There are 2 protein chains.
Amino acid sequence: MSAELDILIDKKFLLDLPVYQPGKPIEEVQREHKLKAVIKLASNENALGPSPKAVEAIKQSLKTIHRYPDGGAYYLKHRLAKKLGVGASSIILGNGSDELIVLTLRALIGGGDEVIVATPTFLIYEIAARACGATVVSVPLRHLRYDLPAIRRMVTAKTKIIFLANPDNPTGTYVTKEEVDALLDRLPPHVLVYFDEAYFEFVEERNYPNGLHYLARHPVMVTRSFSKAYGLAGLRIGYGVADARLISCLERLREPFNVNLLAQVAALAALDDHRHLAQTRKLVREGKRYLYRKFQELGLRYIPSATNFVLLDVGRDSHAVSQALLKLGVIVRDMTVWKLHQYLRVTIGTRAENERFVKALKKTLLRSSDKE
Amino acid sequence: MSAELDILIDKKFLLDLPVYQPGKPIEEVQREHKLKAVIKLASNENALGPSPKAVEAIKQSLKTIHRYPDGGAYYLKHRLAKKLGVGASSIILGNGSDELIVLTLRALIGGGDEVIVATPTFLIYEIAARACGATVVSVPLRHLRYDLPAIRRMVTAKTKIIFLANPDNPTGTYVTKEEVDALLDRLPPHVLVYFDEAYFEFVEERNYPNGLHYLARHPVMVTRSFSKAYGLAGLRIGYGVADARLISCLERLREPFNVNLLAQVAALAALDDHRHLAQTRKLVREGKRYLYRKFQELGLRYIPSATNFVLLDVGRDSHAVSQALLKLGVIVRDMTVWKLHQYLRVTIGTRAENERFVKALKKTLLRSSDKE
């Protein structure tokens, strides 16, 4: 069988692709370390939980899960179109906004085409681009922010897509309206700017540019998610907005029933759950303020964040710190994979979770200082 | 913007791709025709509804839907591995088994490669293959069955995949163990045989070949679904089994969280819901017997089916018949898209639904005979 498969699988580059390493499920950490109460602040999920209106809508739909979902997602698409002020034909729904990254790449990338990806940033851009056969051009962050002038300088005749996580993950920083305006002023029309706005709902900064405002000016794709502020990460649903002709290409590439039935009803309900969204924003705002203060007290540098997580410079090997925190029942993300070896990324939790994290962090850092 | 997009989207063939037309949602038919009670026998869903154990498992998990799913689907993969007698690394889960068609194509197809697809058969093979840039070689059915000798004759050095829906949709027929054995005896090793066994759980015929039995003999992919017998079409979950190296390629191409959290817990519970599965099989067996008898009484030819649906020759334009049935509140699938212009495909319903369908069919055929 081995020889047969070697003949069959001639895309050997597939086996060289990195595999995305998600955060560990809570149960696995509990089992491994024999812990009772574990808190997970590792995947930028909503600490408040899912929108209660979404949960109620799911309960009402449980009797119909033997039916296929509405492949056209009629109700949700029209609700979003109204909310966003665009035509329904300019919207596509994805099995998480991740899927839209892949569909956009599949629609636009041919052999030899280039995509520009910052480094470090959300890892899926590079993995998905390489899986689609694109050449990935990496542009380093500058002071942990996207460097748009440097990105502009890397554009060639072969560039098809620039991925812009705004705000960015894992840094939590954002590019300003002025910076995006300057980029688009000098960008040739054969380059799509992909605004990944998964954390859009958390942003309160005034000079943050809403990607939708560029729709009429330059080819752009804007994606957002129900996984973060709406608390529906487990259901997998996000959406993308672009020119209707580009959306039409993506619609032809997606599977007919890519977005499950419960995700559709939950997202529709969550859009009307203003209370849950307001509470979520408040929790994140207050949680960030609390953590910033505690980090200052501990003499730790952090990166001010426009999202529901904070990147923290622990001033020593962050993998060791994260392992020590794990033993205390606190899961955070060490940034080793992103090559930010002294950084941890911590999701804003509930007040109690934030306090427990700070306590565990103090304990860990004290111990590690004692050893030095 | 138009000119810009023309430059950007150079894969013009995308716009020529057919768009899969799913069956209409019940609510839409009700709205359109102002009907009170509508029955849908159009998408081969489980008339009994979802597995009650699956529904209960979902209820228990609703509090955690703000968390990402387990990207590795640890528990479900190991449960399936045990059930099927294969290693967990030989299994991949998909957002519906549809997704596995696309992932397999993306892993194996390069420019100029050919895939062999019967015509007519499940439409997604051709759409997905063309979207991946494959050349689709069509082989007509023979007496509404896959013609494996003819398929064998179309194999060239460029053939990468043969898609085999077994049992087939929309005909409900299957290829026998003897026929598959003969195909594999003469098939070069560079051709993957893709057994789509979405209706596997309904098959009772003794000479039906279980695709898994060929794993050690030839490169194959076997996919199955939770959408049909398990009643979970709305959740989108299916699985594929193949050599671990091929699975490893597909794993690198999928999105990290392709299968949602509720689908995972529901599928796991459904696998232990032996009562629901037994009742489903009984309902389908008895429903087919009833419909066959009624079709004979009406003098209508039907294709004996190994699945939970029956292809019926109405002896006249089936689109007109399906439209007339629609007005009576009965949704079935006319086979016009498949170019089987005198055929309807009807899903086995509950006893009451089958009776209502037969009544409506009688009425419709009587009226249409009157007109002649």
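Residues numbered from 1 in each chain as written. Chains lettered and ligands numbered in written order. Predicted model: local features only at pLDDT ≥ 70, side-chain atom pairs only at ≥ 80, totals over all residues. Heavy atoms only, no water.

1. Some remarks on the sheet that holds strand β4 (residues 135-140) of chain A
Residue and element names in this part refer to chain A.
Part 1: With mixed pairing, the 7 strands of this open sheet are ordered in space as β2-β8-β7-β6-β5-β3-β4. This sheet does not close on itself; its edge strands, each paired only once, are β2 (91-94) and β4. Here the strands of the sheet are splayed against their neighbours by 25 degrees on average, with no regard to which way each runs.
Part 2: Sheet topology places strand β6 (residues 192-196) next to strand β7 (residues 220-225); 4 bridges connect them, and they run parallel. Among the inter-strand pairings, Val193 is bridged to a residue of β7, identified as Val220.
Part 3: Across the sheet, helix α5 (residues 74-84) lies against β2, β7 and β8 (238-241), angled at about 125 degrees from β2, the strand it touches most. (Pairing = 2+ DSSP bridges. Helix = DSSP H or I, 4+ residues; strand = E, 2+ residues; numbered from the N terminus. Axes fitted to C-alpha atoms, helices over the stretch in contact; angles between N-to-C directions. Contact = heavy atoms within 4.5 Å.)

2. Things to note about the environment of B:Leu184
Residue and element names in this part refer to chain B.
Part 1: The residue Leu184 is located in helix α9 (residues 177-185) in this model.
Part 2: In this structure, the C-alpha to C-alpha distance between Leu184 and Leu148, residues 36 residues apart in sequence, is 9.9 Å.
Part 3: Leave out the neighbours within four places in its chain, and Leu184 touches Val193, Tyr214, Arg217 and His218.

3. Overview of the domain arrangement of chain A
All names here are of chain A.
Part 1: Splitting chain A by domain gives domain 1 (2-49 + 275-371) and domain 2 (54-272).
Part 2: Summarising the inter-unit geometry, the C-alpha centres of domain 1 and domain 2 are found 24 Å apart.
Part 3: Tallying the contact residues gives 29 residues for domain 1 and 27 residues for domain 2.
Part 4: Carbon and sulfur atoms supply 66% of the area that domain 1 and domain 2 bury against each other, a total of about 2500 Å² over both sides.
Part 5: The tally of links between domain 1 and domain 2 comes to 1 salt bridge.
Part 6: Measuring nitrogen to oxygen at the nearest pair gives 2.8 Å for the salt bridge that ties Glu204 to Arg285.
Part 7: Only α2 (13-16), α12 (274-297), β10 (309-313) and β13 (343-347) provide two or more residues apiece to the side of domain 1 that touches domain 2.
Part 8: Looking at the side of domain 1 that touches domain 2 residue by residue, the classes come out as 16 nonpolar, 9 polar and 4 charged. (Domains from an automatic or database assignment. Buried area = accessible area lost by both parts, 1.4 Å probe. Salt bridge = Lys/Arg side-chain N within 4 Å of Asp/Glu carboxyl O. Nonpolar A, V, L, I, M, F, W, Y, C, P; charged D, E, K, R; others polar.)

4. Let's talk about the relation of the copies chain B and chain A
Part 1: Relative to chain A, chain B is turned by 180 degrees and slid 0.0 Å along the rotation axis, the superposed coordinates differing by an RMSD of 0.0 Å. Here the transformation between the copies is reduced to the relation of a two-fold axis. The C-alpha atom lying nearest the rotation axis in chain B is that of B:Lys59; the distance is 3.8 Å. (Least-squares fit on C-alpha atoms with pLDDT ≥ 70 in both.)

5. A few points about the packing of helix α6 (residues 97-108) of chain A against helix α10 (residues 244-253) of chain A
All names here are of chain A.
Part 1: Running from amino to carboxyl end, α6 crosses α10 at an angle of 105 degrees, the nearest separation of the two axes being 9 Å. In terms of orientation, α6 and α10 fall into the roughly perpendicular class. Between α6 and α10, the contacting residues are Leu103, Thr104, Arg106, Ala107 and Leu108 on the first element and Leu246, Cys249, Leu250 and Leu253 on the second. (Parallel < 35°, antiparallel > 145°, perpendicular 65-115°, else oblique.)

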